[in-house]
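# Structure assessment
The chain contents come next:
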Amino acid sequence: MFRINYGNIIRFLIVLSFGLVPAVISQLLVKQPVSRHIHVSNFRYGKDPSVIRSNRGDTLHLTFSTADTGHSFFLEEFDMDAKVSPSREMVEVFKTSDPTQSPVLTREVTIVARHPGLQNFLVARSNYRCHVWCGPMHAFEHGKLVLFPNTLLIFSLGCAAGILLLWLIGFRAGLTHTADNKGIKTGYVDLFEKSGLIKKLVTSRWPQTIITILALLLVYLVVLTSIFGTKMSGRNLGVLLMWAVWLFLLIAVLTPFLGRIWCTICPLPFFGDLVQRKSLFNPLEGLKGKYRNKYSGWFLRWPKALQNNWPKLFVLLALTTFSTTLVALPKVTGYAVLALILLPFMLSLVFELRAFCRYLCPVSGFVGPFSRMSTLALRNKSQTTCNRCKPHYCQNGSIKGWACPYGINVGEMNESSDCGLCMECTRSCLYNNVTLYARPFGNESGTRNFSEAWLTIGIFTLALVYSILYQGHWPVVRDYINILDKGNWGLFSIYVVLVWTSTLLLMPGIVWILSSAGTRLARKCISTRELFLKSAGSLLPLGLMLWVAFVIPMLFVNVTFVMQSFSDPFGWGWDFFGTANIPWHQFVPRLVPWLQAILILAGLYFSLRNLKKSLHPNDLSPSQRLRIIMPMGLFIAASAVTMLVFFTN
């Protein structure tokens, strides 16, 4: 029976009041509207000013110029798109609501800085963009219009203060959480017992194989359209499918709720598995080393020194280094996807099982740590049954299923980051002792070793880097990454050094120093190494929410372009679905900052909660626990506040 947790409701209302009270008070501090004259200079790839701050109700008189080619000032929330040409002082002003109307030719555009109805009090930040393709990094050209009082910023900071205060009070009030990394299935619901249909779909190979083949066809479409389609990344179907649609689904939908479910139907290991197994459905009887299946290929073991998360971290950093090239040049996306198909196949000829997926795959490196937060987990039903099983069918295979491609023994698995959810163990276990569980969000905490801690800190750091890189308004940042048409290789090398140093040294060093400070404050009742591993794991909820906040505008801005590109996939003038020439509209642009703020607040709450529950309350007094994790807790709160300001102001 569903039971209402009144304690959580009360805490939620307290946090809400911390945000609402100052937000309401701020509405009484609106300054008298004035008229302002602002000149906007457009250039590759930015606008000056890159941020326009105004009081609510101000009348803004905007004039425009361009330093190079044609640009536009696209501000959808105010129904205007001013086309700027280098050949004349006048601008053509279109209505974004109906761009088919004849434009108004004028020297100056006048808007009143307010929104209709209730939105006037709730919406404070809008993005102005360029809607004229001006080069390979065209998508980076944008700025921000911020209206004061900034209700969202004030509300968000108030809520953050409320979350931090309740977290601190919780130590004195005895509101503790027990560490749950010992295999205790508190709050777990067996999905196989709950639904026989789920069990049939999971244990049958047909649904998984069909979806994997469909995913392979989509990858084929991405490669074709990326390489042979238009060079305009914003209208290239392959680029949009990869970096707008798939990335959004992976980060915002699949990973938080279903963990590594993408790995279940990922097409990358398809051909390698086929070569090794020589069968899609029926495991071949025989022996291959310790495995109870017949495999082909050399089947060598992966080097022991690299059986960790370090290779994944370096691959992720390499992709980050050239991420703008991947997004801005469609052909690079196509060739990169081709490489990701060929590399697992080549490795499968040499190494055992899914070596690429286990040790090199950047997607695995990303979703692996975050799968610890997901509401889906694969585990055993009975630990006693696993302890009695000497053949370890789940790990080594049986007549009903292949050996685990990830080398996992389900009886020894207490966390989800290594499991690729291939579902093979649900078939190979002859005791029917493997199942899927639904569980609360953010159930796991801590990290197991340094390579996992570094990878966790790394993807947290990269969330900050990507947010600044792609959604920051600073044109100077884009100069540091522009090797496409400006050839800024000197600045680019500085950018690479900064990103790699921040990810590998600076951020882990900060977490280590904070952990050392915590042990000293608590008089060394816990080692710095142990606290470092626990502290690194506490970054996962906030890191995941940062990534979701990042990908939301990546999709919402490009929804129209996705529809256009599906109708004309190669940019050759086709119009299959009648959407190739529909006008550009962003999806709920006024709502995006609110979604981002709510996500950051949720990440702050879960990260602080997991940091607290990572320590065993029976071993330490409340004051000791508070002193130990206070430095890291304040760092998490400061990181959340910084990103709240970034996304809302």
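Definitions and cut-offs
- Residues numbered from 1 in each chain as written.
- Predicted model: local features only at pLDDT ≥ 70, side-chain atom pairs only at ≥ 80, totals over all residues.
- Heavy atoms only, no water.
- Axes fitted to C-alpha atoms, helices over the stretch in contact; angles between N-to-C directions.
- Helix = DSSP H or I, 4+ residues; strand = E, 2+ residues; numbered from the N terminus.
- Parallel < 35°, antiparallel > 145°, perpendicular 65-115°, else oblique.
- Left-handed = near helix turned anticlockwise from the far one by under 90°.
- Contact = heavy atoms within 4.5 Å.
- Nonpolar A, V, L, I, M, F, W, Y, C, P; charged D, E, K, R; others polar.
- Pairing = 2+ DSSP bridges.
- Buried < 20%, exposed > 50% of the residue type's maximum accessible area, 1.4 Å probe, protein only.
- Polar contact = N/O pair within 3.5 Å; in protein donor to acceptor, adjacent residues only side chain to side chain.

At their nearest, the axes of helix 10 (residues 310-321) and helix 18 (residues 450-471) sit 9 Å apart, and the two run at 15° to each other. As the angle between them shows, helix 10 and helix 18 are arranged roughly parallel. In the crossing of helix 10 with helix 18, the sense of the turn from one axis to the other is left-handed. The segment helix 10 lies against helix 18, with Trp310, Leu313, Leu316, Leu317, Leu319 and Thr320 engaging Phe450, Ser451, Trp454, Leu455, Gly458, Ile459, Leu462, Val465 and Tyr466. Residues belonging to the contact of helix 10 with helix 18 are distributed by class as follows: 12 nonpolar, three polar and no charged.

Ordered by their spatial adjacency, three strands build an open sheet running 12-14-13, and the pairing between neighbours is antiparallel. Two strands bound the open sheet, and with one partner strand each, they are strand 12 (189-190) and strand 13 (376-380). Summarising the sheet, strand 13 and strand 14 (residues 434-438) pair through five bridges and their orientation is antiparallel. Note that in strand 14 the partner of Leu376 across the bridge is Ala438.

Now for the environment of Leu316. With respect to the helices, strands and loops of the structure, Leu316 is situated in helix 10. Judged by relative accessible area, Leu316 falls into the buried class, the value being 10%. Between the alpha carbons of Leu316 and Gln395 there is a distance of 28 Å; along the sequence they are 79 residues apart. With residues near it in sequence (within four places) discarded, Leu316 still touches Pro362, Gly365, Phe366, Leu455, Ile459 and Leu462.

This paragraph deals with the side chain of Asp81. Its location among the elements puts Asp81 in strand 6 (residues 80-84). A polar side-chain atom of Asp81 sits 3.1 Å from a polar atom in the side chain of Ser72. Looking at Asp81, its side chain comes within polar contact range of the side chain of Lys83, at 2.8 Å. The residues touching Asp81, leaving out its near neighbours within four places in the chain, are Ser72, Phe73, Phe74, Glu92, Val93, Phe94, Thr96 and His131.

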